[in-house]
Amino acid sequence: MRFPLRLGETLIGRSPYCSIVINDGLVSRQHAAIRVTREGMQIEDLGSRNGTFVNRQRVSGTQVLSPGDRIEIGGHPIEIELDSREDRPHRETLAVTAEHQAQPTDLDDTLDTLTEPHRPPAYGTARR
């Protein structure tokens, strides 16, 4: 699945209030936050029990993200991608590449958040 990464903060966690929901007991309700600014992207672990990893290194504090970086949250791999659409050649994306089966409510909550017509994606999408 793909999720847009807009300017501002994208929460990842088990809570249905997160922008990206990973329904797994190893994932905290609000596990991590990705912040997108005009200068770039960074991730912060939000005090999760099992930690957030970028390229197999545990995140402490905040860490800068680049296309190609692999994030792991609760055993679920997530990859930063570069969207190749012609109208946005340098748009970052976030792809959750695990074999995770999303629950219908996960998708409904996430899609409602991501398809606001007045807020088109500024920087990319994520795939889960």
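The coordinates are above.
Thresholds applied
- Residues numbered from 1 in each chain as written.
- Predicted model: local features only at pLDDT ≥ 70, side-chain atom pairs only at ≥ 80, totals over all residues.
- Heavy atoms only, no water.
- Helix = DSSP H or I, 4+ residues; strand = E, 2+ residues; numbered from the N terminus.
- Buried < 20%, exposed > 50% of the residue type's maximum accessible area, 1.4 Å probe, protein only.
- Contact = heavy atoms within 4.5 Å.
- Polar contact = N/O pair within 3.5 Å; in protein donor to acceptor, adjacent residues only side chain to side chain.
- Pairing = 2+ DSSP bridges.
- Core = buried A, V, L, I, M, F, W, Y, C linked by side-chain atoms within 4.5 Å.
- Salt bridge = Lys/Arg side-chain N within 4 Å of Asp/Glu carboxyl O.

(A) Region of interest: the environment of Asp 69. The residue Asp 69 is located in the loop between strand S8 (62-65) and strand S9 (70-73) in this model. Classification of Asp 69 by relative accessible area gives buried; the value is 12%. Separated by 11 residues in sequence, Asp 69 and Ile 80 have C-alpha atoms that sit 5.5 Å apart. When neighbours within four sequence positions are excluded, Asp 69 is seen to be in contact with Val 54, Asn 55, Val 64, Ile 78, Glu 79 and Ile 80. One polar contact links Asp 69 to Asn 55, side chain to side chain, over a distance of 3.0 Å.

(B) Just the pairing of strand S4 (residues 32-37), in detail. Note: strand S2 (residues 8-13) against S4, five bridges, orientation antiparallel. Bridging from a neighbouring strand, Ile 12 pairs with Ala 32 of S4. Counting the residues that bridge the hairpin from S4 to strand S5 (residues 40-45) gives two residues.

(C) Structural detail: unusual backbone geometry. Look at Asn 55: it is not a glycine, yet its phi comes out positive at around 50°. Judged by its relative accessible area of 39%, Asn 55 falls in the partly exposed class. Of note, the phi angle at Arg 56 is positive, near 70°, even though the residue is not glycine. Among the structural elements, Arg 56 can be located in the loop between strand S6 (52-54) and strand S7 (57-58). A residue is classified by how much of its surface remains accessible, and Arg 56, at 80% relative accessible area, is exposed.

(D) Region of interest: the sheet that holds S5. Here five strands make up an open sheet; going across it, the order is S3-S2-S4-S5-S8 and the pairing mixed. Only two strands of the sheet have a single partner each, and these edge strands are strand S3 (20-21) and S8. Sheet topology note: the S4/S5 ladder contains six bridges and is antiparallel. Each residue of the ladder has a partner; that of Arg 35, found in S5, is Gln 42.

(E) Just the nonpolar core, in detail. Of all hydrophobic cores here, the largest spans 18 residues; its most connected members are Ile 12, Ile 34, Ile 43, Leu 65, Ile 71 and Ile 73. Contributing elements (two or more residues each) for this core: S4, S5, S9 and strand S10 (76-83). If you tally residues by element for this core, the top one is S4, at three residues.

(F) Spatial organisation of the pattern of salt bridges. Enumeration according to the criterion identifies four salt bridges in this entry. A salt bridge links Glu 9 to Arg 35; the shortest N-O distance between them is 2.9 Å. In this pair, Glu 9 sits in strand S2 while Arg 35 sits in strand S4, placing the two residues 26 residues apart along the sequence. Residue Glu 9 is classed as partly exposed on the basis of its relative accessible area of 45%. Residue Arg 35 is classed as partly exposed on the basis of its relative accessible area of 22%. Note that Glu 79 and Arg 70 form a salt bridge whose closest N and O atoms lie 3.5 Å from each other. Classification of Glu 79 by relative accessible area gives partly exposed; the value is 23%. Salt bridges sharing common partners tie together Glu 9, Arg 35 and Glu 44.

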